[in-house]
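This is what each chain is made of:
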Amino acid sequence: MNTSLFWFRRDLRLTDNPGLNAARGASDRVYAVFCEDELPRLNERQRSFVIACLGTLRTALGKQDATLTIAIGPCVDALVATARRLGATAVFSSRAYTRAEREIEANADKALAAAGIALRTFRGDVVHEPAAVAQLKQSPGEGYRVFPPFLAAWESLDVDVPSGETYPNGRDEQAGVLPADGTENSIAPGEAAASVTLEKFTTARAADYAVNAPYPGRDAASNLAPYLRFGCISPRIVHQAIARRMSWSWTLASERSSMGVFMHQLARRDFFIQLAHYAPEVHDEALQEKMRAFPWSNDPAMIDVWREGRTGYPLVDAAMRQLRTQGLVHQRAAICAASFCCFDLGLDWRVGRQVWMDQYLAADEALCDGNWQWLAGVGSDQAAYPRIYNPEKQARQFDAQAVYVRRWIPELKKLPSAAALAPWRVDHQHQIELGFFTPKQYPRPIVDHEKVAREFLARYRSFVSEPVRPER
Ligand SMILES: Cc1cc2nc3c(=O)[nH]c(=O)nc-3n(C[C@H](O)[C@H](O)[C@H](O)COP(=O)(O)OP(=O)(O)OC[C@H]3O[C@@H](n4cnc5c(N)ncnc54)[C@H](O)[C@@H]3O)c2cc1C
């Protein structure tokens with residue numbers, strides 16, 4: 001009998017999982033396995049989410065009389081030992097694209113080969129694999145460094161029809177127990193929850209995505225990021241669901257274009273993943289060489305104030321408090337908070353990146369590093385310049401009714417909208433009545449945005465000796 005393992009990593013699902021399909025096609029018996037050693041690399045929230053996802057996967061497999069083995073010990077050794085114990089001659093898995101995951105894959109490949117077991121990898125969790133897009137370039141070995149040509153190539157490729165549900169069929173009597181975890185997550189785990197989230201988005205939000213998603217108070221984005229991060233849903237399934245709606249003749253042109261904006265976000269995800277694949281140095285240093293020696297600050301007091309959401313700028317603080325409380329952040333608010341970190345406080349973008357990696361439920365090395373480099377103006381894009389956003393203007397533009405700010409900053413709940421967005425502008429008598437700017441209440445702005453932004457630009461200008469774009 002031909003036996004293999006399917007090694008679940010960041011593809012915790014049974015539908016449209018090419019490696020799992022291939023394993024079933026090539027073997028009589030397929031055992032499902034997850035290496036517990038892959039958990040410590042994740043942040044606490046992610047570990048708890050993954051354990052809960054593994055629980056839902058195990059239940060689904062149990063209904064088919066199959067099991068999910070939790071392999072204990074250093075990942076590569078545990079994989080080899082499990083393959084030997086179960087008599088597998090091949091291990092199937094989804095291809096990894098980020099450096100840390102590729103290293104594990106390469107080590108597993110070597111160790112399995114030494115044991116006479118083949119490692120076979122298949123398309124990972126992207127709409128189009130990095131190499132499939134890069135082969136449209138004149139120098140395909142390098143991948144794309146800028147988004148617009150990547151997007152054009154990405155859009156020109158056909159997307160295969162996603163495959164249906166496939167089950168491993170092996171029953172391991174020594175499958176082991178799931179690691180214990182008591183942390184509560186803000187979103188439901190697993191493949192079924194991911195499908196419900198997609199369905200809700202496609203039916204209720206996708207048609208107005210471009211109009212509503214930039215406003216943090218409107219809850220208009222898909223909320224798919226954590227599910228995509230751990231592969232509870234395939235990006236091709238998401239693509240297919242939106243493409244189908246775009247193709248309906250009764251879809252309005254405005255709705256089609258709104259859904260097109262969402263598709264660009266899926267492409268941006270693939271873009272940063274392929275950037276990490278072809279330029280793994282994105283994880284350590286600025287892709288723009290001239291910015292590598294820029295004198296960023298690492299002031300611990302400023303880092304604490306920013307991380308705790310006590311800068312005195314409500315939109316920035318609301319983003320940081322949402323991140324700390326929920327492990328999620330609205331994209332526009334995230335951009336303002338990240339901009340404030342780098343340019344108002346002058347903190348190293350890697351400081352901000354680390355806070356995201358430690359607290360964000362969907363934290364992903366490729367997406368996190370790519371976004372932080374883009375924002376700090378040190379990345380690979382053509383128009384790399386400091387993206388300085390005025391936190392007060394952004395709050396007035398994107399949260400005019402202060403819905404988001406009030407949701408995350410209870411100290412501001414009693415204030416009328418305009419005052420909640422800029423409490424330091426409330427008249428002095430009101431400030432006294434509300435007990436404002438006392439140690440227990442909401443803080444005064446820690447810096448004067450206009451002043452520090454000008455100072456940063458002067459530092460930047462003299463460092464790069466080039467004209468820079470004006471602030472937004
Ligand atoms: C400083 C910073 C750091 C970030 N770090 C991460 C990260 O570690 N992991 C992560 O998943 N996203 C990251 N993002 C991108 C973004 O904030 C989230 O993907 C998005 O807000 C998640 O919400 P959603 O699923 O409702 O997104 P939607 O707006 O519904 O978008 C749909 C999907 O498109 C992809 N997407 C959207 N925006 C981006 C983007 N800017 N870059 C790459 N993919 C995108 C995501 O997979 C997202 O789930 C970061 C953004 C910033 C500004």
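Residues numbered from 1 in each chain as written. Predicted model: local features only at pLDDT ≥ 70, side-chain atom pairs only at ≥ 80, totals over all residues.

1. A word on the overall build of the chain
Now for step 1: A tally of regular secondary structure across the chain gives 21 helices and five strands.
Now for step 2: Relative to a compact globule of 472 residues, whose C-alpha radius of gyration would be 23 Å, the chain shows 24 Å and is just as compact.
Now for step 3: Summarising its shape, the C-alpha atoms of the chain cover approximately 80 × 55 × 50 Å along the three principal directions.
Now for step 4: For the chain, the proportion of contacts with a sequence separation of at least 24, taken over those separated by at least 6, is 75%. (Helix = DSSP H or I, 4+ residues; strand = E, 2+ residues; numbered from the N terminus. Rg over C-alpha atoms; globule rule 2.2 N^0.38 Å. Contact = placed C-beta atoms within 7 Å.)

2. Some thoughts on the nonpolar core
Now for step 1: With 135 residues, the main nonpolar core has Leu79, Val91, Ala319, Ala337 and Val405 as its most contacted residues.
Now for step 2: Broken down by element, the residue count for this core peaks at ten residues, all from helix H14 (residues 331-344).
Now for step 3: Apart from the residues lying within four places of it in its own chain, the contact partners of leucine 79 are Trp7, Cys35, Ala71, Val91, Ala108 and Leu112. (Core = buried A, V, L, I, M, F, W, Y, C linked by C-beta atoms within 7 Å. Buried ≥ 20, exposed ≤ 12 C-beta atoms within 10 Å, placed from the backbone.)

3. What to know about the domain arrangement of the chain
Now for step 1: What the domain assignment reports for the chain is domain 1 (3-124), domain 2 (125-161 + 191-278) and domain 3 (289-464).
Now for step 2: Summarising the inter-unit geometry, the C-alpha centres of domain 2 and domain 3 are found 27 Å apart.
Now for step 3: If you look at the interface, domain 2 gives 16 residues, while domain 3 gives 20 residues.
Now for step 4: At the level of elements, helix H9 (225-229) and helix H11 (253-278) are the ones that each hand at least two residues to the side of domain 2 that touches domain 3.
Now for step 5: With five residues, H11 is the single largest residue contributor to the side of domain 2 that touches domain 3.
Now for step 6: Each residue belonging to the side of domain 2 that touches domain 3 can be placed in one class, and the counts come to twelve nonpolar, one polar and three charged. (Domains from an automatic or database assignment. Nonpolar A, V, L, I, M, F, W, Y, C, P; charged D, E, K, R; others polar.)

4. A word on the sheet that holds strand S5 (residues 118-122)
Now for step 1: Read from one edge to the other, the open sheet built from five strands follows the order S3-S2-S1-S4-S5, with strand pairing classed as parallel. With one partner strand each, in any of the chains shown, strand S3 (68-71) and S5 form the two edges of the open sheet. For this sheet, the mean angle separating the axes of adjacent strands, direction not counted, is 30°.
Now for step 2: Sheet topology places strand S2 (residues 29-35) next to S3; four bridges connect them, and they run parallel. Across the sheet, the residue bridging to phenylalanine 34 is isoleucine 70, located in S3.
Now for step 3: Sitting on the sheet, helix H1 (residues 18-26) is in contact with strand S1 (3-8), S2, strand S4 (90-94) and S5, with an inclination near 155° to S4. (Pairing = 2+ DSSP bridges. Axes fitted to C-alpha atoms, helices over the stretch in contact; angles between N-to-C directions.)

5. Remarks on the site of the ligand
Now for step 1: Among the 27 residues in the neighbourhood of the ligand, the closest are listed as Ala221, Ser222, Ala225, Gln265 and Cys368.
Now for step 2: Those elements that provide at least two residues to the shell around the ligand are H9, H11, H14 and helix H16 (365-376).
Now for step 3: Classifying every residue of the shell around the ligand gives 18 nonpolar, five polar and four charged.
Now for step 4: Both domain 2 (125-161 + 191-278) and domain 3 (289-464) contribute no fewer than three residues apiece to the shell around the ligand. (Near = placed C-beta within 6 Å.)

6. Points about unusual backbone geometry
Now for step 1: If you check the backbone angles, aspartate 16 has positive phi at about 50° while not being a glycine.
Now for step 2: As for its position among the elements, aspartate 16 is in the loop between S1 and H1.
Now for step 3: For aspartate 16, a count of 24 C-beta atoms within 10 Å corresponds to the buried category.
Now for step 4: With a phi angle near 55°, alanine 402 is a residue other than glycine that sits in the positive phi range.
Now for step 5: Within the secondary structure, alanine 402 sits in the loop between helix H17 (391-398) and helix H18 (403-408).
Now for step 6: Alanine 402 gets classed as buried once you count the C-beta atoms within 10 Å, which come to 25.

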